[in-house]
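Coordinates in review
In case you want the letters, here they are:
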Amino acid sequence: MIWGILYIWDLSTIPNKPAVEMTKVKIKIIFLGHIPHSINTEKIGKWKSELFEIVKPINTVAIVGDSDGAYWEYSDANIEEQLPDRDGADVLLAVTNVPLQSNYFARRFSNDRVCMTYNTMTEILKFDNIPLENLIFRVLYSIAFVYKRYGNRIPLASENTNFAHDETRGCIFDMNGVKTDVVYSLSGPQLCHSCVETLTTLPQHRIEKEIITKVQWELKKIKKGFYYQITDFIKTKPILAIVVSSLFAIILGVIGSTIATIIWENY
């Protein structure tokens, strides 16, 4: 009895573990120039995350002048002049459709600003039936982690960084030197084991594992439409799909026959 009292007393003196809290990265999104594709801005604006917060509204800023690259691309210096200020947000994400320098689909600029493009990316996404918004979501998560990793700042493109990896792993930090590989990180993407280890063991600016776990669940929601999920399932497991559809047809037939019999006998 005494030991039981002591045990209960000991438990009562243990302080509760504080909940993990992290200041969310405030990200302002703008469309830079004309976007000839339909993008669901409402879906983007309503996205909830434990890592970042989207600052509304999502505005459009016109591009002034023409491209200055040998292959009709816009140089970093040109885009730098086009980008507005962050307007109180931590990070500015500009979404455009013009080609960027070095054929990248995302570039980092001064004053914590990032520009991503749908140039050549739209065709890749549509071919694989991936919603165009998924590319924005992937970039949002990656730049939010980069912002936290580097002490609340976005490093310039000229700085040596090592947050991206050349191997394609379906991770939001895939380099995607071959652009078509981007599809592997736009439907059910993840943070790969290596990136999780890096983010949670940094000497400075370490991110708690609880936050990483929550983000991993959020990333699972970035996926294709339900119809295309079914078609992908049929492509990858055709035999199982035939069995399931056959059983479903038999069950529907039995249910229909039973209902018809009941109606016939009673009415």
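Criteria and cut-off values
- Residues numbered from 1 in each chain as written.
- Predicted model: local features only at pLDDT ≥ 70, side-chain atom pairs only at ≥ 80, totals over all residues.
- Heavy atoms only, no water.
- Buried < 20%, exposed > 50% of the residue type's maximum accessible area, 1.4 Å probe, protein only.
- Helix = DSSP H or I, 4+ residues; strand = E, 2+ residues; numbered from the N terminus.
- Pairing = 2+ DSSP bridges.
- Contact = heavy atoms within 4.5 Å.
- Patch = residues over 30% accessible without salt bridge, like charges linked within 9 Å, V, L, I, M, F, W, Y side chains within 5 Å.
- Areas by Shrake-Rupley, 256 points an atom, 1.4 Å probe, with all protein chains shown as cover.
- Salt bridge = Lys/Arg side-chain N within 4 Å of Asp/Glu carboxyl O.
- Core = buried A, V, L, I, M, F, W, Y, C linked by side-chain atoms within 4.5 Å.
- Phe/Tyr/Trp six-rings, centres within 6.5 Å; stacked < 30°, edge-to-face > 60°.
- Lys NZ or Arg CZ within 6 Å of the ring centre and 35° of its normal.
- Axes fitted to C-alpha atoms, helices over the stretch in contact; angles between N-to-C directions.
- Left-handed = near helix turned anticlockwise from the far one by under 90°.
- Nonpolar A, V, L, I, M, F, W, Y, C, P; charged D, E, K, R; others polar.

1. Some points on the pairing of strand β1 (residues 25–32)
Counting buried positions along β1 yields seven of eight residues, so the element is predominantly enclosed. Judged from the seven bridges that link them, β1 and strand β2 (residues 52–61) form a sheet pairing that is parallel. Counted as the bridge partner of L32 is V61 from β2. Relative to strand β3 (residues 91–96), β1 runs parallel, the two being bridged by six bridges.

2. Remarks on the environment of I124
Secondary-structure assignment places I124 in helix α4 (residues 121–127). According to the relative accessible area criterion, I124 is buried, its value standing at 15%. Distance in space between the C-alpha atoms of I124 and D181 is 9.2 Å, their sequence separation being 57 residues. Each residue touching I124, except ones within four places of it in the same chain, is listed here: K179, T180, V182 and V183.

3. Side note on a nonpolar patch on the surface
Where nonpolar side chains cluster on the molecular surface, the patch consists of L247, I250, I251, V254, I255, I259 and I263 and spans about 650 Å² of accessible area. Counting through the fold element by element, L247 comes out in helix α9 (residues 238–266).

4. Brief notes about the nonpolar core
Formed by 54 residues in total, the largest nonpolar core has its most connected members in I27, F52, L93 and F145. Broken down by secondary-structure element, the contributors of at least two residues to this core are β1, β2, β3, β5 (113–117), α4, α5 (133–149), α6 (193–200) and α7 (209–219). Considering each element in turn, this core owes the most residues, 11 residues, to α5. The residues touching F145, leaving out its near neighbours within four places in the chain, are L51, I172, F173, L191, L199, I207, I212 and V215.

5. Digging into the packing of aromatic side chains
Per the counting criterion, the structure on display carries five aromatic pairs. For the pair Y150 and F163, a centre-to-centre distance of 6.3 Å together with 80° between the ring planes defines the contact as edge-to-face. Of this pair, Y150 sits in the loop between α5 and α6 while F163 sits in the loop between α5 and α6, and the two are 13 residues apart along the sequence. Classification of Y150 by relative accessible area gives buried; the value is 19%. According to the relative accessible area criterion, F163 is buried, its value standing at 14%. Among the aromatic residues, ring-to-ring pairing joins F145, Y150, F163 and F173 into one connected group. The ring of Y104 has R107 sitting right over it, with the charged end atom 4.8 Å from the ring centre. For K221, the ring lying beneath its charged end belongs to W47, and the centroid distance is 5.3 Å.

6. Describing the packing of α6 against α7
Contact geometry of α6 with α7 gives a least axis separation of 10 Å together with a crossing angle of 145°. In this structure, α6 crosses over α7, and the sense of that crossing is right-handed. On α7, the residues touching V196, L199 and T200 of α6 are K209, I212 and Q216. Here the contact of α6 with α7 is composed, by residue class, of three nonpolar, two polar and one charged.

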